[in-house]
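Each chain, written out:
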Amino acid sequence: MFSRAYKTIVTAPPLLWVTVFLLIPYLLMFCYSFWSVSPAQTIVHSWDLANYRTLFRVNVYWQTLLRSMWIAARVTIFSLLLGYPLAYFLSFYAGKRKDLFYQLVIIPLWVSYLVRAYAWKTILGSDGVLNTLLQYVHFTKHPLEFLLYSPFAVVLTLTHIYTPFAFLPIYAALEHIPRNLVEASHDLGATPAQTFWKVIFPLSIPGVVAGATFAFVLSLGDFLAPLLLGGPSGIMISNIVVSLFGAAYNWPLGAAISLCMLALVVSLLFLSERLEKKWSFS
Amino acid sequence: MATIPSSAAAVRPTTATAKSSLLSIRSVAKSFGKNVVLREISLDIAEGEFLTILGESGSGKTTLLRIVAGFESASSGEVWMGDERLDRQPPYRRRVNTVFQHYALFPHLTVEQNVGYGLRVAGRPNPEIVTRVAEALGKVRMTEHAKSKPSKISGGQQQRVALARALVNRPRLLLLDEPLSALDANLRRQMQVELKSLQREVGIAFVFVTHDQEEAMVMSDRIALLRSGELEQIATPREIYSRPATAYVAQFIGHTNLLQGEVRQGVVHCNSLSWATQLPEGPVLFSLRPESIQVVSAAKPATPGQLRVRGRVLQQAFHGATELIRVQCLGDLVLTVRTPSGTGIPDEVDLEFSAASAVPVRPSAGRN
Amino acid sequence: MELLVIGGLSPIPRSRWLLAHAVVVFAFLYLPVVVLILYSFNGEGVGGFPPRHLTLDWYRVLFQDAPIWDSVFNSLQVAFAAMVISLTFGVPAALALDRAQFPGKVLFRRLVLLPLILPGIITGLSLLMLFNVAGTKLSLLTIVLGHGTALISVATTEVFAGLQKLDRAQEEASLDLGANYWQTFWRITVPNLKLPIIGAALLIFTLSMDEIAVSFFLIGRDNTLPLEIWGRLRRGITPEINAVSTIIFVFSLVAIVIWYRLRVRGGGGDRDAAGTEIAEAAEGDLA
């Protein structure tokens, strides 16, 4: 229906931009990962797998990667645990106030990430709100140290940031479930609990997969929360990459790690896409 | 001459109730906010009967059905099944099942699993479920599609699965919410026949909701006509057709001519016509079915006992086996007449009908 | 339609737990924000409970803080430029995805949408390597290019959703009545896309103002607001930050409510999709 000229004009500019600013940079990253850094702090085009060997042999790297994945996994689980019942409540029990609640959930999403992470820092610190409150009510005598500068703080903050991300696709999936299916289930004798597990939950799985993917991928690559709140024990893989591009100056190694992260993310996206298709019934 | 039916008589069931009453709807009313949808409806449903709730959109018929199913609660009134209050129970405890308008089949389950859902949820043992599901699928002739998913079968097939899914639970009452409205005309007619014979076979009371009056006439033991939340008339198809209680009923079901007349000293005066009557003095409204009027040749002398009128043909509409012609008669009387197709109709015709075929009806008040 | 609560009976008990859970989650989501706003008025700055000495001092200090305002100005420039770039390339991309078939379309789609879900660090670093190889000096311009690239996906997603809702019959009617493709495009298609485009613009602007991950690697001499705040945080907490954060919060709040209203109006009530298309699109659900 649309002329070739129209299609060309519409397709060419974005295609060009995406090639220059997305495709080529990824390719560059790919190339960098095979290079190395000379003692003189110059980039040497060595074209070998040295960086990848380093990543998988040197403890600090692969251990941090695993720890990051574990942190991301915890964030995902908590986000789902917080987000799913909330989405279910909004979709099926909120009635007229559904819209208002929905807006309330997405508002924190658009409040600066930095601002919220910083706020947790003030809450969790030794002198922070939570500790002074706990001491005020005599729950504890001394400030709880583990609250800040620990993996706990990172998981807590990231869960706070990414719960709305987990919520959104789950809510969309729940909203798409035709209400007459719920009525039919009740009509056939299933209680609300049975209806949830047999009808509602299975039909919401694509949303759960999408939400989980979001939470996991974005937490995995996060470097701000660990920097602000993680302390030495809460370092994540992205922090290492950041330092490799900064003070530690080893761009090739940093590129190799980034590429691994990119590969991991892309594989997860493919996997989640497959899962969603498998569980999609409309 | 029949007396004008009073409002009480119109809603009293007119069939001999040899069958016992299964479901009793007592003065059920429903409002959504300021919107009054049902106004004090009372009716009884007998065991094993096929009752159709007929009405236009907005008449409240679907709401009434949903109240019986349990998806809405009545604003006032009660629903009894036997000696138990039905409306106090959640839908999953009622021995009532529903066939939904758009079937509401579970997309993630196969046909088999859909049909077995109610049994599984009730915790019936596996072998029993397998047997009963197979039996139900056989009844609706969907056995070979047992392992398919709903998205892979046609609308008509989905409808049969929905039917099987409801019936397999052996409910005391089956509710059908316009189940045929999404089907095309031929399939619809076929399904009407199938549904009717299925109902006879299982012997369960069916409550069928539709806006299609032909469908209602074909399938029902009784028809309950709703208008703006009130019950206009409840009667067998033949009675509702030949003795409509109100002008609305007469016009809703089939075609009719409404004749306005006046009774003075035992004589009805209607345009240029008059005939003797036992109706009381005052204005009176008649329903005259088009098929009750004969077209006769002008030459033929007036038949004794028949009323005769002459007129000019305005319009002729072909309806297959019959034709409907509109005739302008003396005064401002316009009559619609049904004649067999193929007979030549001149421009000026003589019409005859008997006084008995003019059925007195109550006028219908305008309603929102 | 809400799940039936049986008339006359008490609500299904489980909803009480759900309601409690919802309250807890909302409290969790809003706690930091509330603390922040509260403590921006606290005379003793951060820490300590309960807050004492309510004061506007920190706001006063904030208003005299020149570097912050410079960075605000920088951020505004960047946001505006990023908005222009994202829309310029994102709108055609949406049209291309919706209407054109060409080799590599699938790869194109995935590339365009990837930055939405990819951690910002990867987008930022890959662009850093590009600029390094090309010899471009890092500055506000490189940040603009970074934001623009990352946010094209937002424009594409919003506009694509708008295109899906567009009734093809309208365009066909236009052609039938004698208008050619270009006239149809400008007279029928574009006006229908007005709301999604405005919504996307608002969203891109807000996201750019808050963007830090990509900016982190592409920054030159001039700071954007988030990076300015970040620098200060590294050096130690000043309560001034609470004040500026509160102001940011208020602006974001207003922006996002406007965006939401626009979205709902344009989508004809498809509220659940508003804000979720981003989530869905990143999964490659745009087919």
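Residues numbered from 1 in each chain as written. Chains lettered and ligands numbered in written order. Predicted model: local features only at pLDDT ≥ 70, side-chain atom pairs only at ≥ 80, totals over all residues.

## Let's talk about the overall build of chain C
Part 1 of the reasoning: From N to C terminus, chain C includes twelve helices and zero strands.
Part 2 of the reasoning: The helix and strand sequence of chain C, counted from the amino end, reads α-α-α-α-α-α-α-α-α-α-α-α.
Part 3 of the reasoning: Taken over 287 residues, chain C has a buried fraction of 48%.
Part 4 of the reasoning: Across chain C, the fraction of contacts at a sequence separation of at least 24, relative to all contacts at a separation of at least 6, is 76%. (Helix = DSSP H or I, 4+ residues; strand = E, 2+ residues; numbered from the N terminus. Buried ≥ 20, exposed ≤ 12 C-beta atoms within 10 Å, placed from the backbone. Contact = placed C-beta atoms within 7 Å.)

## What about the domain arrangement of chain B?
All names here are of chain B.
Part 1 of the reasoning: The domain architecture assigned to chain B consists of domain 1 (7-95 + 171-251) and domain 2 (255-361).
Part 2 of the reasoning: The distance between the C-alpha centroids of domain 1 and domain 2 comes to 34 Å.
Part 3 of the reasoning: Counting residues at the interface gives seven residues for domain 1 and six residues for domain 2.
Part 4 of the reasoning: Of the residues belonging to the side of domain 1 that touches domain 2, the class tally is four nonpolar, two polar and one charged. (Domains from an automatic or database assignment. Nonpolar A, V, L, I, M, F, W, Y, C, P; charged D, E, K, R; others polar.)

## A look at the sheet that holds strand E11 (residues 257-264) of chain B
Residue and element names in this part refer to chain B.
Part 1 of the reasoning: What the five strands build is an open sheet, ordered E13-E12-E11-E14-E20; its pairing is antiparallel. Strands at the two margins of the open sheet, each flanked by one partner only, are strand E13 (273-276) and strand E20 (358-361). Adjacent strand axes in the sheet meet at a mean angle of 35 degrees, parallel and antiparallel pairs treated alike.
Part 2 of the reasoning: Bridge count for strand E12 (residues 267-270) against E13 is four bridges, and the pairing is antiparallel. Bridge pairing links valine 267 to alanine 276 in E13. (Pairing = 2+ DSSP bridges. Axes fitted to C-alpha atoms, helices over the stretch in contact; angles between N-to-C directions.)

## Remarks on the sheet that holds strand E3 (residues 50-55) of chain B
Residues and elements named next belong to chain B.
Part 1 of the reasoning: Taken together, the six strands give an open sheet; going across it, the order is E6-E7-E8-E3-E9-E10, and neighbouring strands pair in mixed fashion. The sheet terminates laterally at strand E6 (96-99) and strand E10 (230-235), the two strands that pair on one side only. Strand-to-strand, the axes of this sheet are offset by a mean angle of 20 degrees, without reference to chain direction.
Part 2 of the reasoning: Summarising the sheet, E3 and strand E9 (residues 222-227) pair through five bridges and their orientation is parallel. Looking at the pairing, isoleucine 53 lines up with alanine 224 of E9.

## Describing the interface of chain C and chain A
Size of an interface, as often reported, equals the accessible area lost when the parts are brought together.
Part 1 of the reasoning: Opposite the 76 residues of chain C that make contact, chain A presents 89 residues.
Part 2 of the reasoning: It is helix H1 (residues 14-40) of chain C that provides the largest number of residues to the side of chain C that touches chain A, a total of 16 residues.
Part 3 of the reasoning: Its residues assigned to classes, the side of chain C that touches chain A comprises 56 nonpolar, twelve polar and eight charged.

## Focus: the environment of A:Ile123
Part 1 of the reasoning: On the secondary structure map, A:Ile123 appears in helix H5 (residues 113-124).
Part 2 of the reasoning: The class for A:Ile123 is buried, based on 26 C-beta atoms found within 10 Å.
Part 3 of the reasoning: Sequence separation of A:Ile123 and A:Leu133 is ten residues, and the distance between their C-alpha atoms is 9.8 Å.
Part 4 of the reasoning: With near-sequence residues (within four places) excluded, A:Ile123 lies in contact with A:Gly128, A:Val129, A:Leu130, C:Pro32 and C:Val35.

## A look at the packing of helix H3 (residues 66-99) of chain C against helix H6 (residues 140-165) of chain C
All names here are of chain C.
Part 1 of the reasoning: Between H3 and H6, the shortest axis-to-axis distance is 5 Å and the interhelical angle comes to 40 degrees. When the axes of H3 and H6 are compared, the pair comes out oblique. Both H3 and H6 take part in a crossing whose hand is right-handed.
Part 2 of the reasoning: Its residues assigned to classes, the contact of H3 with H6 comprises 20 nonpolar, seven polar and one charged. (Parallel < 35°, antiparallel > 145°, perpendicular 65-115°, else oblique. Left-handed = near helix turned anticlockwise from the far one by under 90°.)

## What to know about helix H6 (residues 129-136) of chain A
Part 1 of the reasoning: Of the positions making up H6(A), those classed as buried are A:Val129, A:Leu130 and A:Asn131.
Part 2 of the reasoning: Where H6(A) ends, the next residue or the one after it, A:His138, has phi of about 60 degrees, a positive value.

## As for the confidence of the model for chain B
Segments scoring low in pLDDT should not have their predicted coordinates read at a detailed level.
Part 1 of the reasoning: Of the residues in chain B, 94% reach a pLDDT of 70 or more, and the chain-wide mean stands at 89.
Part 2 of the reasoning: A low-confidence stretch, residues 1-18 of chain B (pLDDT under 50), is modelled with 20 contacts involving residues beyond four sequence positions or located in other chains. (pLDDT = per-residue confidence, 0-100.)

## Comments concerning the pairing of strand E17 (residues 322-329) of chain B
Each regular strand displays side chains that alternate between the two surfaces of the sheet.
Residues and elements named next belong to chain B.
Part 1 of the reasoning: Bridge count between strand E16 (residues 306-319) and E17: eight bridges; the pairing is antiparallel. From the neighbouring strand, phenylalanine 318 faces E17, where its bridge partner is glutamate 323.
Part 2 of the reasoning: With antiparallel pairing between neighbouring strands as the criterion, E16 and E17 make up a hairpin whose turn holds two residues, including glycine 320 at a positive phi of roughly 90 degrees.
Part 3 of the reasoning: Relative to strand E18 (residues 334-340), E17 runs antiparallel, the two being bridged by seven bridges. Bridge assignment links glutamine 328 to a residue of E18, and that residue is valine 334.
Part 4 of the reasoning: Connecting the antiparallel pair E17 and E18 is a turn made up of four residues, with glycine 331 showing a positive phi of about 75 degrees.

## A short note on unusual backbone geometry
Residue and element names in this part refer to chain B.
Part 1 of the reasoning: In the Ramachandran plot, arginine 141 falls in the positive-phi region, its phi being about 60 degrees despite a non-glycine side chain.
Part 2 of the reasoning: By secondary structure assignment, the location of arginine 141 is in the loop between helix H4 (126-139) and helix H5 (155-167).
Part 3 of the reasoning: Taking the number of C-beta atoms within 10 Å as the measure of exposure, arginine 141 has 12 and is therefore exposed.
Part 4 of the reasoning: The phi dihedral of serine 228 falls on the positive side, at around 45 degrees, and the residue is not glycine.
Part 5 of the reasoning: Along the chain, the position of serine 228 falls in the loop between E9 and E10.
Part 6 of the reasoning: C-beta crowding within 10 Å serves as the criterion here: with 19 such atoms nearby, serine 228 is assigned to the partly exposed category.

## Structural notes on the confidence of the model for chain C
Residue and element names in this part refer to chain C.
Part 1 of the reasoning: Summing up the model confidence of chain C, the mean pLDDT is 79 and the portion of residues at 70 or higher is 83%.
Part 2 of the reasoning: When mean pLDDT is taken per element in chain C, helix H5 (residues 120-134) scores highest with 92 and helix H12 (residues 277-282) scores lowest with 39.
Part 3 of the reasoning: Every residue in residues 1-13 is under pLDDT 50, and counting partners more than four places away or in other chains gives 16 contacts.

## Observations regarding the environment of A:Gly234
Residue and element names in this part refer to chain A.
Part 1 of the reasoning: Position of glycine 234 relative to the elements: it lies in the loop between helix H10 (224-230) and helix H11 (237-244).
Part 2 of the reasoning: On a C-alpha basis, the gap between glycine 234 and leucine 148 in space is 9.8 Å, while along the polypeptide they are 86 residues apart.
Part 3 of the reasoning: The residues touching glycine 234, leaving out its near neighbours within four places in the chain, are Tyr149, Ser150, Pro151, Ala153, Val154, Pro226 and Leu229.

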